[in-house]
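# Topology and contacts: notes
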Amino acid sequence: MAAKIYKNLIGGEWVESRSGQTYENLNPADTRDVIGVFQRSDKRDIDDAVAAAAQAFEKWRLVPAPKRAEIIYRAGQILLERKEEYARDMTREMGKVLKETRGDVQEAVDTAYYMAGEGRRLLGATTPSELPSKFAMAVRMPVGVCGMIAPWNFPMAIPSWKLLPALVCGNTCVIKPAEDTPLSTYNLVKTLTDAGLPKGVVNIVTGFGPDAGAPIVEHAKVNAISFTGSSEVGRTIGEVAARSFKPCSLEMGGKNAIIVLDDANLDLALEGVLWGAFGTTGQRCTAASRVIVQKGVYRQFADRLVYRAQRLKVGNGLDESVEVGPQINEQQVATTEKYVKIGKDEGAKLEAGGKALNKPEHAYGWFFEPTVFTDVDGKSRVAQEEIFGPVISMIPCENFDNAIEISNGVNYGLSSAIYTKDVNRAFRAMRDINAGITYINAPTIGAEVHLPFGGVKSTGNGHREGGLGAIDFYTQWKAIYVDYSDKLQRAQIDTE
Ligand code: NAI
Ligand code: MG
């Protein structure tokens with residue numbers, strides 16, 4: 001059966017790329033499975049999409065926010081009806097297991113409901129004026145056309161974090177999904193149009209980064225950029241956006257640590273580390289890639305972690321008994337292999353995994369063994385650089401202070417976690433870990449949509465997704481003064 005051809009959505013019409021080129025979206029668990037044929041778009045398609053979004057903005061910004069929100073709410077309801085279908089599509093194109101792809105769709109539903117509620121808030125401020133008979137307020141205005149560039153690891157959730165707050169705030173959007181996972185973003189956009197979103201308000205253009213992503217960032221009529229992905233690409237996007245003073249939200253990597261102290265509930269910590277490290281095959285920006293364990297329980301914890309990691313079932317995520325899916329593509333497997341070699345060369349002890357899987361059931365996919373390094377030096381490359389694969393480094397520590405120092409001793413600062421029963425240490429960790437997210441007695445993954453998501457240092461550039469952080473990014477403040485005194489009153493001068 002020939003694979004279905006998917007088109008771009010521009011100005012409410014499903015259209016082919018002007019390039020005339022397409023590419024195949026393959027299943028990372030079985031590359032013989034072609035999920036669909038997608039448009040390989042370029043600058044001309046982006047120009048069309050931005051023009052459509054700019055035109056649609058003039059009407060959309062005037063639709064009352066509660067009405068905009070009703071469409072978002074309806075989209076959430078439709079997503080819920082289609083949850084199983086979209087989860088299966090996502091497992092096929094992205095690889096992560098069904099439980100997780102159901103969670104990914106659910107995250108878009110949660111975001112829809114939360115952001116729909118914002119339609120009746122979008123709170124600004126009223127405040128007294130320093131002058132008599134004068135009224136002062138600050139209101140939130142939309143930014144305009146928002147350009148969005150998404151990664152493949154949360155192919156519906158992350159686009160929903162970007163699109164839904166932007167829409168409720170009155171912006172229009174051009175989104176380019178990751179080349180590996182366009183279908184899930186397509187499914188989200190299709191749901192929005194089925195929910196009644198007017199033409200041109202959201203435009204989806206598929207394709208590769210340099211051809212279809214870069215022109216969004218460079219376009220003079222794009223008023224804000226939201227990007228999630230690698231630090232390398234994020235840096236370039238930030239530099240380009242800065243040239244035209246475009247607000248730009250960058251959410252990039254992590255090197256997240258779980259601290260396990262001597263007094264921790266080790267059974268709980270073990271489950272947390274397994275989920276944090278090998279959930280999504282380690283391909284989360286919040287994945288636990290370091291576990292810092294206090295000396296008293298270190299060896300015992302290492303033995304138990306290695307035992308369990310070796311017994312995780314790796315395979316096609318559509319099989320409900322599978323615990324760990326494939327990596328997204330050949331390049332990610334190559335990166336993981338590269339870091340396993342680096343770890344060995346640096347003298348870390350490889351105690352579990354370390355190789356791509358080549359049993360018959362893995363022959364056509366990008367599978368890698370869950371991998372555990374022990375006795376890792378916190379300053380070594382495997383403990384410092386983002387791997388984005390199923391690899392965890394165990395680092396021994398002396399005490400609480402030493403654990404915090406190791407945890408903070410990286411260039412990233414996204415997520416963090418500590419397992420302890422000592423409430424004083426838990427609170428000191430909340431204060432002293434330098435990261436955007438801290439979990440107590442829970443792993444580094446599991447963000448909820450109404451809290452701010454993002455990090456410090458090389459993880460981001462100060463913006464937050466989720467919750468009010470998103471509303472802040474997709475609106476700009478306008479100060480409004482109404483003078484009803486019927487005379488000229490000069491601020492700072494006529495105040496005596
Ligand atoms: P990437 O940063 O190259 O891709 C992310 C998005 O940016 C994709 O939509 C891509 O098409 C687009 N893009 C690429 N080059 C661009 C350019 N010059 N201008 C505009 N857009 C561009 O990430 P990739 O190659 O998929 O993964 C490489 C590494 O990035 C991973 O190993 C991981 O370390 C990190 N990563 C982090 C993610 C996160 O959640 N923070 C998500 C995905 C990757
Ligand atoms: Mg790349």
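Above this text you will find the structure in question.
Quick caveat: nothing in here was measured; it's all calculated off a predicted structure.

## Points about the pairing of strand β6 (residues 134–142)
A regular strand carries its side chains on alternate faces of the sheet. In this sheet, β6 lies alongside strand β5 (residues 125–128) in antiparallel orientation, the contact comprising four bridges. Residue pairing in the sheet places Pro-128 in a bridge with Phe-135 of β6. Between β5 and β6, which pair antiparallel one after the other, the connecting turn spans five residues, and Ser-133 there sits at a positive phi close to 50 degrees. Relative to strand β21 (residues 475–483), β6 runs antiparallel, the two sharing nine bridges. Along β21, the bridge assignment pairs Arg-140 with Trp-477.

## Comments concerning the packing of helix α2 (residues 65–81) against helix α6 (residues 182–194)
Axis separation between α2 and α6 bottoms out at 8 Å; the angle between their running directions is 125 degrees. Of the possible angle classes, the one that applies to α2 and α6 is oblique. The crossing of α2 and α6 is right-handed. In this structure, α2 contributes Ile-71, Ile-72, Ala-75, Ile-78 and Leu-79 to the contact, and α6 contributes Leu-188, Thr-191, Leu-192 and Asp-194. Here the contact of α2 with α6 is composed, by residue class, of seven nonpolar, one polar and one charged.

## Here we look at the sheet that holds strand β13 (residues 288–294)
The strand order across the open sheet built from seven strands is β14-β15-β16-β13-β12-β18-β19, with neighbouring strands paired in mixed fashion. This sheet does not close on itself; its edge strands, each paired only once, are β14 (349–352) and β19 (439–440). Pairing analysis gives three bridges linking β14 to strand β15 (residues 371–374), with the strands arranged antiparallel. Each bridged residue has a counterpart across the sheet, and for Lys-349 the counterpart in β15 is Thr-374.

Criteria and cut-off values
- Residues numbered from 1 in each chain as written.
- Chains lettered and ligands numbered in written order.
- Predicted model: local features only at pLDDT ≥ 70, side-chain atom pairs only at ≥ 80, totals over all residues.
- Heavy atoms only, no water.
- Pairing = 2+ DSSP bridges.
- Helix = DSSP H or I, 4+ residues; strand = E, 2+ residues; numbered from the N terminus.
- Axes fitted to C-alpha atoms, helices over the stretch in contact; angles between N-to-C directions.
- Parallel < 35°, antiparallel > 145°, perpendicular 65-115°, else oblique.
- Left-handed = near helix turned anticlockwise from the far one by under 90°.
- Contact = heavy atoms within 4.5 Å.
- Nonpolar A, V, L, I, M, F, W, Y, C, P; charged D, E, K, R; others polar.

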